[in-house]
Amino acid sequence: MVIKKIPLRVIKREFLQFFSIMLLVAIATMTYTLFAVSMQDIDYNYEMFKNKYNQEDGNFITTKEVDIKLLQEKFKINVEQRLFTDVQNDHFTLRVFSVPKEINKPYIEKGRMPSKGEILIDPAFYKKHKLKIGSVLTVGRENFKVSGIAYLPDYIYIIKNDQDLLPDPEHFGFALMNEDEMRRLFNIFPVHYYCFKGKVENIDKFKEFLNSNWVLLKFVQRDQNPRIMYTEIKVKNAKNLTLPLSLFIILVSSFILFIVMRRVINTIHAEIGTIYSMGYTQKDVLKVFMRFPLYIWLFGSIFGVVLGAIEASPFAQFYRSYFTLPKIKSILPWQHIFVAMLLPAIFIFLSGYLAIKNFFNLTIVQMLHGVDELKFGKLPSIKFFDRFEFGTRIMLKYGWRHIGRELILAVGIIFSTILMMYGMTAKDSIITAIERTYEKNFKYNYLYSLNSSSAHPEIKLKATSEPYNLLSFDIEGTKLSITIYGIKSNSDMIKLYDENGKEISVSSELIITKPLASKLGIGEGDKVKLKNKFTGKEYTLKVKKVADLLVGNNGYMELESFNKLFGYSSGEYIGIFSKEKLEIPQSLIFESYTKSELVNTIKASAGDLSKTIGVMALIAAVLALLIVYVLSTLTLNENKKNIGILKMLGHSERSIFKMILGFNYISFFIGFVAGIPLSKITMDGLMSTVTKDIDFAMSLDLSVQSVLSTFVILLLVFLISRFLARQKIARVMPVEILKGQLD
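Residues numbered from 1 in each chain as written. Predicted model: local features only at pLDDT ≥ 70, side-chain atom pairs only at ≥ 80, totals over all residues. Heavy atoms only, no water.

Engineer: Lay out the UniProt feature "transmembrane region" (unreviewed entry) in the chain with the relevant residues and their values.
Structural biologist: When the UniProt feature table is mapped onto this chain numbering, "transmembrane region" (unreviewed entry) sits at residues 15–35, 241–260, 294–316, 336–356, 407–424, 613–636, 656–678 and 706–725. Counting secondary structure, residues 15–35 comes out at 100% helix and 0% strand; the distance between its end C-alpha atoms is 30 Å. (UniProt positions renumbered as here; feature names shortened; annotations may be inferred. Helix = DSSP H or I, 4+ residues; strand = E, 2+ residues; numbered from the N terminus.)

Structure, rendered in C-alpha cells:
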C-alpha cells in the first residue's frame, strides 16, 4: 500500500520533533535499565558478600575483657574478639584491625592474606592514595608492605565516626594485620571490641549482663550500624526511585506523542478521508498510523535499553566503590531488560491508538474537512481577555486554548526543579550543617572519649577544657535512640540557640535537637519515655527547649544534674571537650578526634557531592529542553496559517512569537514557583523516611543561592528551546500559505 510510506515521510519532514520524543523515550528506558540492572547487580553481590563472609549481627565494646565462652553458652551466639586501634599519620588516619577468622571475614579482591610485615588495605584508600601491591606504609613506626585489597562486611560504608555523613578515603581507611603482629606492635588496647553472630532472644538482658560484668562502652546492633545500614538504605532508595522516575518520563512522552499524533492526523485529514472513502478499511488505516508509535517505541526503547545496559556495569562499579562493595559474580537480570522494553510500549501504543480512534468516529465529510478545523476554528471567547491589548489578548487565548499542553509544560518544569533542587538541597544541607553546627554551636577543637566514667583524678583539666558525660537511650514507641550529654551549665564549648537565635541556658531539664523533635513530632513541654540502652532502666523526661541544631539525635542537660539523675557520683565524666590538645594517657582513651578533621572530612565529601549534582542538573536540563521544545514546535506547526496571516497583516516575528507562545512564560514561572515548596516537601519526606529507623537526623535547608542557581539554569534552557522554536516562525512564508489556500 502506498499509504504505508506516510509515517516515515511525516517523521522525516518533522524529524526534530519526532526525534525529541524518541529521546524522551530513550531517556526513560535508559533510566529504568541503568538503575534496575545496576541495583540488581549490587543487591545480588551484597547478599552474597553478606552471607558468604558472615556479616555480624552486632558488636560491642567493653572496658574489660569478656569471657567469650560464657557468653556463647549463655546466649547461644557466636562471639569473636577483634583487636583495633587508630594510627594517626600526618595526612590520614588508618584504623588497623586484626584479621577476623569467623565473623566479618575479609573478601580479598586482589593480592593475598597478610603474612609477617604485611597488611591488607581497603580498596577506596588503596585507590585514593595510589598504592600498589608491595607499596610500603608506616604503621606504628614500622614499615609494612601492602599484600592486597580487602573488603569487610561490617565496613561497607567506610566512615571514621558514627556521625560522619560521607566516606573520605583521602583522610580515613582501614587496614588488616595479623593478631600476633598487632599485639607486638601495639602494647596497649584501652578497650575490648567484639562482634557477635546469632539471634539474641532478649537483647536487653544481654546488654545488662555485659554491662554488669564487663562495663559496656558501646553496643551496636546490625540495624543500627551506619557502616552497614547507610548502604542498604541508599540502595533501597535508588531502587524505589527507579520506577516512578521512568514512569514519569514515559507518561510525558506518551502525552506529547498523543498531541503529535492528533496534529499529524489533522494535517493529513483530507488524504486519510480520501483513502478511507476509496475503500480502505479502518484496519488498513489503523495499521499505517500505528507505525508512528511503533517507530518511536522501537528506536527510543532499543537505544535506551542498549545505552542503559552499557552504562549499568560502570555505574554499578561506581556505586560499589562508593560503598566499598566487592563484585563477586557478574549477572544480567533479563527480567529488567524485558520490563524496560515493555513499559514504554504500553503507554506509547495506547496514546497512539487513542489519538486515531476518535478520528474513525467522524463522517467522511468531517474527515475531509478535518476535526480541528471544525472544532477549534475560532479561538475561545472569554470576555475577561477582551480588556487587554490585541497581542496580550491573543496570547492569553492561545494559552487557554492549549491549557493541557501548558499544564504538561508546567509539570515538566516542576519535575526538573525538584530534580535539580534535590542535589542542591543535599549539598546545602551539609554545608549549612558544617557552618551552623560545627562552627557556631560546637566551640571545642578536640574531643576525647575515655574508656570509663569516673572523676579521673589522674587527668589535670586545663581552663580551656571541660568534662562531659553521656548516655544513650532507646525512645519508647519508636526505633529511635537519643544520646544525652551532661555538660557544664555555663559551657564555653557547646552553645545552644533557639530558632530566634537566642542562647538557651543549660539546666537540669532536657534540651533536644531540632531534627529529633521533628522526627518525634514533639516540642517544648512534651514528655519522652526513655530506656537506658545498657541497663534497661526507664525514665520519663520533659523537654524544656528545642535547640536549633541541624544534625544529630541528641539531648543536653547540666552535668551534675545528669550525674544525679542517672546514678553517677558527683564529678564523674566520660569525655573532655578542649580547645587545646591534651596529654592524656593512651590507656584511658577510647576514641578522639579534632573538629577541624571532622569539618574537613565533610567539606571534602561535599565536593564529591558536587559531581552528582552536576549529573542531576544535566538530566533535569535535558528533560526541560526536550519538553519545552517539542510542545513549542507543536503549537507553531499547528498555527502556520495563522502565523502567515499575521505576517501579512504586518506583525513582526517577535510579536507573533509572543502571541502564539507567550503563555509559555507564565507556565514556566508557575512551574518553577510551584517546584520550590514541592522540592522542600519531597526532600523532607525522603529524609524522614530514610532516617526514621536510624540514629541520625539532619534538617534540609535550601539557600537563596541554590534557588537562584536552579532558576538561572532552567531559564537558560527554556530560552534556548525558545530560540530553536523561533526559527520555525522565520521559515513560515505568507506566500506559501496563500498558495495553500488557493489549492
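Once the structure has been displayed, the description carries forward.
Engineer: If you had to explain the sheet that holds strand β2 (residues 78–81) to someone new, which residues and values would you point to?
Structural biologist: Spatially, the four strands line up as an open sheet ordered β2-β10-β1-β11, and their pairing is antiparallel. Strands at the two margins of the open sheet, each flanked by one partner only, are β2 and β11 (216–221). Strand-to-strand, the axes of this sheet are offset by a mean angle of 20°, without reference to chain direction. Relative to β11, strand β1 (residues 58–62) is paired through five bridges, and the arrangement is antiparallel. (Pairing = 2+ DSSP bridges. Axes fitted to C-alpha atoms, helices over the stretch in contact; angles between N-to-C directions.)

Engineer: Just give me the short version of a positive patch on the surface, but keep the residues and values in it.
Structural biologist: The grouping of Arg-9, Arg-13, Lys-640 and Arg-731 at the surface amounts to a positive patch. Inspection of the secondary structure assignment puts Arg-13 in helix α1 (residues 6–13). (Patch = residues over 30% accessible without salt bridge, like charges linked within 9 Å, V, L, I, M, F, W, Y side chains within 5 Å. Areas by Shrake-Rupley, 256 points an atom, 1.4 Å probe, with all protein chains shown as cover. Salt bridge = Lys/Arg side-chain N within 4 Å of Asp/Glu carboxyl O. Lys, Arg positive; Asp, Glu negative; His and termini not counted. Charge placed at Lys NZ, Arg CZ, Asp CG, Glu CD.)

Engineer: Describe empty space enclosed by the protein, naming the residues involved and giving the relevant values.
Structural biologist: Per the counting criterion, the structure on display carries four cavities of 30 Å³ or more. Of the voids in this model, the second largest cavity is the one considered here, and its volume is about 40 Å³. Those elements that provide at least two residues to the lining of the second largest cavity are α15 (403–441) and α18 (595–638). For the lining of the second largest cavity, the per-class residue count stands at three nonpolar, four polar and two charged. (1 Å grid on protein atoms, 1.4 Å probe; cavity = no way out; pocket = protein on both sides within 12 Å on 5 of 7 lines; lining within 4 Å. Points joined across faces, edges and corners; volume = space filled by probe spheres on them. Nonpolar A, V, L, I, M, F, W, Y, C, P; charged D, E, K, R; others polar.)

Engineer: Can you explain the pattern of salt bridges? Please cite residues and give values.
Structural biologist: Per the stated rule, a full pass over the model turns up 14 salt bridges. A salt bridge links Arg-95 to Asp-86; the shortest N-O distance between them is 2.7 Å. In this structure, the salt-bridge partner of Arg-222 is Glu-232, at a minimum N-O distance of 2.2 Å. With Arg-222 in the loop between β11 and α7 (226–267) and Glu-232 in helix α7, the pair connects residues that are ten residues apart, well separated along the chain. Overlapping salt bridges, with partners in common, bring together Lys-101, Glu-179 and Arg-183 in one network.

Engineer: Any chance you could break down the packing of aromatic side chains for me, citing the residues and the numbers?
Structural biologist: Under the defined criterion, the tally for this structure stands at 42 aromatic pairs. Geometrically, the ring pair formed by Phe-60 and Phe-196 is tilted, given 6.3 Å between the ring centres and 35° between the ring planes. With Phe-60 in strand β1 and Phe-196 in strand β10 (residues 192–197), this pair connects stretches of sequence that are 136 residues apart. Since its relative accessible area comes to 0%, Phe-60 is described here as buried. Taking the relative accessible area as the measure of exposure, Phe-196 reaches 2% and is therefore buried. Relative to Phe-577, the ring of Tyr-468 lies with its centre 4.4 Å away and its plane at 25°, an arrangement referred to as stacked. Here Phe-577 lies in strand β19 (residues 573–578) and Tyr-468 lies in strand β13 (residues 465–475), a separation of 109 residues in the sequence. Across this residue pair, the class does not change: Tyr-468 and Phe-577 are buried. Through pairs of rings, three or more aromatic residues link up here, namely Phe-60, Phe-75, Tyr-194, Phe-196, Phe-206, Phe-209, Trp-214 and Phe-219. The ring centre of Phe-97 lies 4.7 Å from the NZ or CZ of Arg-82, which sits over that ring. Between Lys-440 and the ring centre of Tyr-497, over which it is positioned, the NZ or CZ distance is 4.8 Å. (Phe/Tyr/Trp six-rings, centres within 6.5 Å; stacked < 30°, edge-to-face > 60°. Buried < 20%, exposed > 50% of the residue type's maximum accessible area, 1.4 Å probe, protein only. Lys NZ or Arg CZ within 6 Å of the ring centre and 35° of its normal.)

Engineer: Any chance you could break down the confidence of the model for the chain for me, citing the residues and the numbers?
Structural biologist: Overall, the predicted model of the chain reaches an average pLDDT of 81, with 86% of residues at or above 70. Here residues 372–379 scores under 50 on pLDDT; set against residues more than four positions off or in separate chains, the count is twelve contacts. (pLDDT = per-residue confidence, 0-100. Contact = heavy atoms within 4.5 Å.)

Engineer: Explain the environment of Pro-169 residue by residue, including any values.
Structural biologist: Within the secondary structure, Pro-169 is located in the loop between β8 (142–151) and β9 (172–177). Taking the relative accessible area as the measure of exposure, Pro-169 reaches 22% and is therefore partly exposed. With 76 residues separating them in the primary sequence, Pro-169 and Thr-93 have C-alpha atoms 9.6 Å apart. Setting aside its immediate chain neighbours within four residues, Pro-169 contacts Ala-124, Phe-125, Lys-128 and His-129.

Engineer: Explain unusual backbone geometry to me, using residue names and the numbers behind them.
Structural biologist: Positive phi is not limited to glycine here, since Lys-76 has a value of about 55°. As for its position among the elements, Lys-76 is in the loop between α3 (68–75) and β2. By relative accessible area, which is 68% here, Lys-76 ends up exposed. Positive phi values are uncommon outside glycine, yet Arg-141 reaches one of about 70°. Mapping Arg-141 onto the fold places it in the loop between β7 (136–139) and β8.

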